[in-house]
Every structure is written in structure tokens, then in C-alpha cells.
Amino acid sequence: MPAGQAMTQALALADFGSFYAGGRQVCIHGLPKRDIAFTQSASLAYDPNGLYHFEQAYVQYFIPARLAHPLPVVLLHGGGMTGAMWEQTPDGRPGWVQHFLRQGHAVYVVDNVERGRAGWAPFAQVWPEPPIIRNAEESWSLFRFGRAEDFEARRAFAGQRFPVAAFDSFIRHAVPRWLGNNDAALQGFCAVLDRVGPCLVLAHSHGGEVAYRALHARPELVRGVIGIEPSGFSKEVVSASVAGKPFLFVYGDYLDATPLWQTLCASGAEYAGELARQGARVQTWRLADMGIAGNSHMPMMDDNSDDIAARIGAWIRGAAA
């Protein structure tokens, strides 16, 4: 059935819901009290000292009525973003959550530690460094929508598939991130895996590092990884954690646009090679080399996102059978 026709039909779910996983309790001491007004007509003396729970992950899940594959797909966002990146494209088309559900895959959408509905810690006693947030100019060039010098004119690369007219909507996705929280992100994601059980992880960009580290921390649960332009990896590859498992690496176009992406692609190829040497079943898709030109760092939002989702779903049902 054509993807467009499938998206117009009613979607039947067997179950849906959400949960929090992981984190730790923290007692805050020594901060001053202050008077606050939390509405126009209500105020109180606020005491920030006390017991809190931080570093949890939030997960929303959807189970289709008819499953095409026994393993659920866990969607893990990239750096400075949340699970919302999988839900809808900036120009209003259905996101990969809907696409994978309609293909018959159970889907778990993660807001990992510090992102979105997972919440964050406003106390330096918990996360001592200040957060960063990605600006529009950096997003434009880093995500390979166009050259840095063409940002003001919003002049994209020739053949660009990202919906550049909706760029201002896209940058709403940016949220604060704390660069020292990689270990906390790993722990939070492992807590998610403990709840989900055996699964496939589909991770984007910075989420790749979390996913590949979790693969080694929970080898019995992570049965394969789809890395969408991963920008981080585990330090070591252990054969017992990866042997016989399927791995897919997906890269878009314009990869020679910046030295950073040349480096990241080389690192990805080296990591994929090490996975293969340790007995994993590895495939790498360079979409431009496959005749699919124009994709950015955000293929789940590009104008051919439904086609790429269909290809990945077919790969899962084949390679991850």
C-alpha cells in the first residue's frame, strides 16, 4: 500500500500510555528562602531546600493492534532535542512515530534525562555546569540545511529536502542540555530499557552514544541499533554484546560540507567496522550513494521522511527478524 494512502486510514491501537524511569533522589540544603507569587493573587514563602527526584527519563508508548515484528522500536532523540522530534515534521506532516506504528511496530518515544517532560534540575548542587542551547545559526549549518553564510537569506543547499520554509518552526525544538550529563543519560536510558524489555533502538545524532553504550550495559535487552547519523559511540566494542545482532547506519547528503561531518562520518565508519569485526551484522546506507539525494541531518523531517521510514521498517522486518 502506498505510504500516503496508509497514512489516511484509521490507526488501531492495542494500548498506549506513558511512564517515568530511573533517576535519583537528591536532598537540597543551604539555599535561602524567598517570597514568591505563583499567580496574580497568590503568594507564599518558598523554601527550595528539601527532597527532589532528578535524572529520570519520560517515555510515551504506542502498541498497534496488529504487530508486524515482535520487538518494539525505542526512539531516542539527539542532543538538545526531545522525543517531539519524532512526532511531527516542522511543516506539519506525520512523524516517524505514526509511520512505524502504521507499519505494525510498537513504538516507545523517549524524553531522556533533562529533556522535555523528563524535567531538569535548576540547582548547581545537582548539575554544576550551566546549560547550553543551540541557536538557529548553528542549527542551520550543523544540520546541513545550507552554508553558514547563506543563513540570513535562508538559501539552502541545492536539492535540499528539509522543509526550509518551516525552519522557524523547527528551531522551537531546541531545549537546554547539560554537557556533563552523558553518564546520567546512559543510566536513565538503561532504566527505560529495563521497563521496555528486549527491543531495537533507533537513535539520532548524540543519542547514538547513549544507545551504543546502553547496548553494552544491557546486551540482553538491546537486540539491534539503527543509528541515524550518530555522533557518538561506545569506547569499546565487546563481541558478546554485539555478535549476531543487526546494526544499520543511515547518513544523508552534503556530508563533505564541513570538516566536522567528515570527521563524524569517518568515526562512524570505523565504529561500524569494529562492530563487524566483533561478529555484528552491519549495514551502512549513504542515501546519496543510493540515489536518494538531498537529505539533511534530520531525515525524519525531510520531505521524503515517509520513504526513509518505510525503508527502515522493511530493514527491521528483514534483518532483525
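The structure we're discussing is the one just above.
Computed from a predicted structure; not experimentally measured. Within each chain, residues carry numbers counting from 1 in the order of the written sequence. At least 70 in pLDDT is required for a residue's local features to be given in this predicted model, at least 80 for side-chain atom pairs to be given and counted, and no such filter applies to totals for whole chains, interfaces and linings, which use all residues. Think of the side-chain values as coming from all heavy atoms in the structure, minus any hydrogens and water.

Re the overall build of the protein
Tallying secondary structure elements over the protein gives nine helices and twelve strands in all. Here the protein has a C-alpha radius of gyration of 20 Å; the compact-globule value for 321 residues is 20 Å, and the two agree. Based on the C-alpha atoms only, the size of the protein along its principal axes is roughly 65 × 50 × 45 Å. Burial here depends on accessible area, computed with a 1.4 Å probe over protein chains only, as a share of the maximum for the residue type. Under 20% is buried, over 50% is exposed, and the range in between is partly exposed. The 321 residues of the protein split such that 52% are buried. Accessible areas in this description were obtained via Shrake-Rupley with a 1.4 Å probe; residue shielding takes into account the shown protein chains only. For the protein, the accessible area works out to roughly 14,400 Å², and carbon and sulfur atoms hold 52% of it. Under the counting rule used here, the positive set is Lys and Arg, the negative set is Asp and Glu, and His together with the chain ends is not counted. Every charge is mapped onto a representative atom, which is NZ of Lys, CZ of Arg, CG of Asp or CD of Glu. Positive and negative side-chain charges in the protein, numbering 27 and 30 respectively, have mean positions lying 5 Å apart. Comment: elements are numbered from the N terminus, with helices defined as DSSP H or I runs of at least four residues and strands as E runs of at least two. Atoms counted for the radius of gyration: C-alpha only. Globule rule: 2.2 Å times residue count to the power 0.38.

Focus on the pairing of strand β6 (residues 57-64)
For β6, the tally of buried residues reaches seven of eight residues, placing the bulk of the element in the interior. The rule for pairing is simple: two strands pair if DSSP sees at least two bridges between them. By the bridge criterion, eight bridges tie strand β1 (residues 13-21) to β6 in an arrangement that is antiparallel. By the bridge assignment, Gly 17 is partnered in β6 with Tyr 61. As paired strands, β6 and strand β8 (residues 107-111) are joined by five bridges and run antiparallel to one another. By the bridge assignment, Val 59 is partnered in β8 with Val 110.

Concerning the sheet that holds strand β7 (residues 73-76)
Strand order across the open sheet formed by eight strands is β1-β6-β8-β7-β9-β10-β11-β12, with mixed pairing between neighbours. Strand pairing shows two members of the sheet lacking a second neighbour, β1 and β12 (281-286), which therefore form its edges. Averaged over all pairs of adjacent strands, the angle between their axes in this sheet comes to 15°, without regard to strand direction. As judged from the four bridges shared by strand β10 (residues 222-228) and strand β11 (residues 246-251), these two strands associate in the parallel manner. Paired with Gly 227 across the two strands is Phe 249, which belongs to β11. Most of the contacts of helix α5 (residues 182-196) go to β1, to which it runs at about 145°, and overall it touches β1, β6, β7, β8, β9 (199-204) and β10. Between N-to-C directions, angles cover 0 to 180 degrees, with each direction set by a line fitted to C-alpha atoms, over the stretch in contact for helices. Every residue pair with non-hydrogen atoms within 4.5 Å of one another is taken to be in contact.

Focus on helix α8 (residues 259-277)
A helix is expected to span 1.5 Å for every residue after the first. Taking 1.5 Å per residue, 19 residues should reach 27 Å; α8 reaches 27 Å between its end C-alpha atoms and fits that length. Restricting attention to buried positions, one finds in α8 the residues Trp 261, Leu 264, Cys 265, Gly 268, Tyr 271, Ala 272 and Leu 275. The buried residues of α8 all sit within an arc of 130° when viewed along its axis, so they share a single face. The exposed residues of α8 that point more than 90 degrees off its buried face are Pro 259, Glu 270 and Arg 277. Tucked into the core, α8 has its buried residues touching α3 (136-142), α6 (207-217), α7 (239-242), β11 and β12. Gly 279 occupies a position one or two residues after α8 and carries a positive phi of about 100°. To obtain the arc, one takes the directions from the helix axis to the C-beta atoms.

Some remarks on α6
Within α6, nine of the eleven residues are buried, which leaves it mostly tucked inside the rest of the structure. Listing the buried residues of α6 in full gives Gly 207, Gly 208, Glu 209, Val 210, Ala 211, Tyr 212, Ala 214, Leu 215 and His 216.

As for the pattern of salt bridges
When a carboxyl oxygen of Asp or Glu is within 4 Å of a side-chain nitrogen of Lys or Arg, the pair counts as a salt bridge. For the structure on display, the rule yields 15 salt bridges. Here Glu 114 and Arg 115 are joined by a salt bridge, their closest N and O atoms 3.0 Å apart. The burial state of Glu 114 is the same as that of Arg 115; both residues are buried. One salt bridge in this structure joins Arg 154 and Asp 168, with 3.5 Å as the shortest N-O distance. With a gap of 14 residues between them, Arg 154 in the loop between α3 and α4 (167-170) and Asp 168 in helix α4 connect regions that are remote in the sequence. Arg 154 gets classed as partly exposed once you look at its relative accessible area, which sits at 31%.

Points about the environment of Phe 189
One can find Phe 189 in helix α5. Along the sequence, Phe 189 and Arg 161 sit 28 residues apart, while their C-alpha atoms lie 31 Å from each other. Apart from residues lying up to four places away in sequence, Phe 189 is in contact with Val 74, Leu 76, Val 110, Asn 112, Val 201, Val 210, Ala 211 and Ala 214.

Observations concerning the nonpolar core
In this description, a nonpolar core means a group of buried Ala, Val, Leu, Ile, Met, Phe, Trp, Tyr and Cys residues linked to one another through side-chain atoms lying within 4.5 Å. Ranked by internal contacts, the top residues of the largest apolar core, which has 84 residues, are Trp 96, Phe 189, Leu 202, Met 298 and Ile 312. With eight residues, α5 is the single largest residue contributor to this core. In contact with Trp 96, not counting residues within four places along its chain, are Trp 86, Leu 202, Ile 228, Pro 299, Met 300, Ser 305, Ile 308, Ala 309 and Ile 312. Counting ten residues, the second largest nonpolar core, distinct from the first, contains Val 113, Phe 123, Val 126 and Trp 178.

What to know about the packing of α5 against α6
To characterise two packed helices, one gives the angle between the axes of the helices and the distance between these axes. As a packed pair, α5 and α6 sit with axes 9 Å apart at the nearest point and diverge in direction by 60°. For the element pair α5 / α6, the angle class is oblique. Crossing hand, α5 versus α6: right-handed. Contacts between α5 and α6 involve Asn 182, Asp 183, Ala 185, Leu 186, Phe 189, Cys 190 and Leu 193 on the former and, on the latter, Glu 209, Val 210, Ala 211, Arg 213, Ala 214 and Ala 217. Relative orientations are named as follows: roughly parallel for angles under 35 degrees, roughly antiparallel for angles over 145 degrees, roughly perpendicular for angles from 65 to 115 degrees, and oblique for any other angle. In this scheme the crossing of two helices becomes right-handed for a clockwise turn of the near helix relative to the far one and left-handed for an anticlockwise turn of less than a right angle.

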